[in-house]
Amino acid sequence: MTEMTDGVLHTLFRTEQGGHEQVVLCQDRATGLKAVIAIHSTALGPALGGTRFHAYASDEEAVQDALNLSRGMSYKNAMAGLDLGGGKAVIIGDPDVIKTEELLLAYGRFVESLGGRYVTACDVGTYVADMDVVARETRWATGRSPENGGAGDSSVLTAFGVFQGMRASAQHLWGDPTLRGRKVGVAGVGKVGHYLVEHLLEDGAEVSITDVREESVRRILDKHPQVTAVADTDALIRTEGLDIYAPCALGGALNDDTVPALTAQIVCGAANNQLAHPGIEKDLADRGILYAPDYVVNAGGVIQVADELHGFDFDRCKAKATKIFDTTLEIFARAKADGIPPAAAADRIAEQRMADGRAAKAATAS
C-alpha cells in the first residue's frame, strides 16, 4: 500500500499537485529517448512550455519536475496575458551524452501526436538548433531559428522581462525604478543570466555573479572586469550590502536554508519554481524581503516564442515584455491590499483568469 501511495500514479492523480489534464510518458528504444510531457491546463488555449533536457537522479524526479514546471507555465501564460495554457516537457538524460538528431526527431513525433494540445520550445539543455530539428517532425515547435521561421533565442526577452521586474521592485520598495548604484547578485549567468548582467550594467548597477560553469563566469569577467565573481551561491546570498538577489539557474533556490541567510532586500530572478515549498513566500515576507514572483518576471521568453504562432515580430514582443513592469507593480499593490505575499497575489490573479477561461469555454460548448 505504501508503494502505491508514494508512487508516480499517486502523484499524478493528487489534485494538490495541480490537477493536470494529461501526462504523457514517451519512450523510443531505438534512440534512447525517455521523456515526460505534462499538460497542466488548456483553459486559455493550447499548453505552451519548453522542453528541459536534464540528467535526473530518478524517473520519479523527472515526472515531478514536469508537473511543477507545467503548472508554473499555466500561471505564467495567464499572467503574461497570453491565450495559452500551461505545459512542459522533460527529456531524461545528460544532453552532452545522449542528445542526437534521431532522438530529437523521435521526440518531435511524440509532440506531433498530441495534435496541438502541447506546443514546445527551448528550456534548460535545449537550444534553438534543437527546436529546428524537432520542428522537422511537428508543427508545434517554437523557439526556432529565424532561418526556419522562428524567433531565435528567447533568452533575450526573458532577461529583458526580469530586468523590468527588477525595475518595478525598485520602484515599489525605494520609489525609483532605476538600479543605478544598487548591488545585484546574479546566480547563474548562462543563457539568460548573461543578458541580465548586460541590462544591469547599462543601468549603472554593481554586479556580482556566480555559476557552476567556470566558462560562463569567465565570459562575463573577460568582457566586464568591473563585475565581481564569488565562489558559489551560498557566498553570493550572504554578500554584505546586497540589494537584489537574482536566482537564474534551476529551481528551489529559495528554501529553508537560503531564506534565513539572504542579505538582499529584493529577490527577482529568471529561474522557474524558485520557492522550494509552500510557506517560503511567507518566510520571505516575514523577513521583509520583497519577492517578485518568478513566473511573472521571467515571462519575456514565452511571450517571444508564443508570437511565432502568429508570425514573429520582435518589436511587438518587446512591447508586451515591457508590460511586465506594470504587471509586477499590480501584483505588489494586490498583495498589499489583500494582506498577502506577492506570490499568493499573483496566484489569485492567474487563477481568476484561468477560471474565466474555463467558464467561457463551458458557455460556448453549451
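Just so we're clear, the structure is a prediction, and the values are computed from it rather than from any experiment.

Some points on the overall build of the protein chain
Here is step 1: Assigned secondary structure in the protein chain consists of 17 helices and twelve strands.
Here is step 2: Computed over the C-alpha atoms, the radius of gyration of the protein chain is 20 Å, within 12% of the 21 Å expected from 2.2 N^0.38 for a compact globule of 366 residues.
Here is step 3: On the principal axes, the C-alpha backbone points of the protein chain span a range of 50 × 50 × 50 Å.
Here is step 4: Across the 366 residues that make up the protein chain, the buried fraction comes to 54%.
Here is step 5: Counting only contacts in the protein chain whose residues sit at least 6 apart along the sequence, the fraction spanning at least 24 positions is 66%.
Here is step 6: A total accessible area of about 15900 Å² is found for the protein chain, and carbon and sulfur atoms account for 51% of it.

So, the side chain of Ser70
Here is step 1: The topology assignment puts Ser70 in helix 3 (residues 59–79).
Here is step 2: Judged by relative accessible area, which is 0%, Ser70 ranks as buried.
Here is step 3: In terms of polar contacts, Ser70 uses its side chain to reach the backbone carbonyl oxygen of Leu67, at 3.0 Å.
Here is step 4: Once residues lying within four places of it in the same chain are set aside, the contact partners of Ser70 are His20, Ala38, His40, Gly86, Gly87 and Lys88.

As for the packing of aromatic side chains
Here is step 1: Applying the stated criterion across every chain, the model contains two aromatic pairs.
Here is step 2: Ring centres of Tyr75 and Tyr295 lie 5.7 Å apart, and the angle between their planes is 65°; on these two criteria the pair is classed as edge-to-face. One end of the pair, Tyr75, is in helix 3; the other, Tyr295, is in helix 13 (residues 294–297), with 220 residues separating them in the sequence.
Here is step 3: A residue is classified by how much of its surface remains accessible, and Tyr75, at 6% relative accessible area, is buried.
Here is step 4: Between Phe312 and Phe314, the aromatic rings sit 6.5 Å apart at their centres with planes inclined by 70°, giving edge-to-face as the arrangement.
Here is step 5: Relative accessible area serves as the criterion here: at 27%, Phe312 is assigned to the partly exposed category.

Quick notes on the state of the cysteines
Here is step 1: For the coordinates displayed, the defined rule picks out zero disulfides.
Here is step 2: The structure places no disulfide on Cys122, whose sulfur is separated from the nearest cysteine sulfur, that of Cys317, by 14 Å.
Here is step 3: Here Cys122 falls in the buried class, since its relative accessible area comes to 18%.
Here is step 4: As a non-bridged cysteine, Cys268 has Cys248 as the owner of its nearest cysteine sulfur, 8.5 Å distant.

With respect to the confidence of the model for the protein chain
Here is step 1: When pLDDT is averaged along the protein chain, the result is 93, and 96% of the positions lie at 70 or above.
Here is step 2: Counted against residues more than four places away or in other chains, residues 1–5, with its pLDDT under 50, gives two contacts.

Observations regarding the packing of helix 7 (residues 155–174) against helix 15 (residues 314–322)
Two quantities define a packed helix pair, namely the angle between the helix axes and the distance between the axes.
Here is step 1: The interhelical angle for the contact between helix 7 and helix 15, taken along N-to-C directions, is 30°, at an axis separation of 9 Å. The angle between the axes of helix 7 and helix 15 places the two elements in the roughly parallel class. Seen along the crossing, helix 7 lies across helix 15 with a hand that is right-handed. In this structure, helix 7 uses Val156, Leu157, Phe160 and Gln164 to contact helix 15, whose residues at the interface are Phe314, Cys317, Lys318, Ala321 and Thr322.
Here is step 2: A per-class count over the contact of helix 7 with helix 15 returns six nonpolar, two polar and one charged.

How each quantity is defined
- Residues numbered from 1 in each chain as written.
- Predicted model: local features only at pLDDT ≥ 70, side-chain atom pairs only at ≥ 80, totals over all residues.
- Heavy atoms only, no water.
- Helix = DSSP H or I, 4+ residues; strand = E, 2+ residues; numbered from the N terminus.
- Rg over C-alpha atoms; globule rule 2.2 N^0.38 Å.
- Buried < 20%, exposed > 50% of the residue type's maximum accessible area, 1.4 Å probe, protein only.
- Contact = heavy atoms within 4.5 Å.
- Areas by Shrake-Rupley, 256 points an atom, 1.4 Å probe, with all protein chains shown as cover.
- Polar contact = N/O pair within 3.5 Å; in protein donor to acceptor, adjacent residues only side chain to side chain.
- Phe/Tyr/Trp six-rings, centres within 6.5 Å; stacked < 30°, edge-to-face > 60°.
- Disulfide = S-S within 2.5 Å.
- pLDDT = per-residue confidence, 0-100.
- Axes fitted to C-alpha atoms, helices over the stretch in contact; angles between N-to-C directions.
- Parallel < 35°, antiparallel > 145°, perpendicular 65-115°, else oblique.
- Left-handed = near helix turned anticlockwise from the far one by under 90°.
- Nonpolar A, V, L, I, M, F, W, Y, C, P; charged D, E, K, R; others polar.

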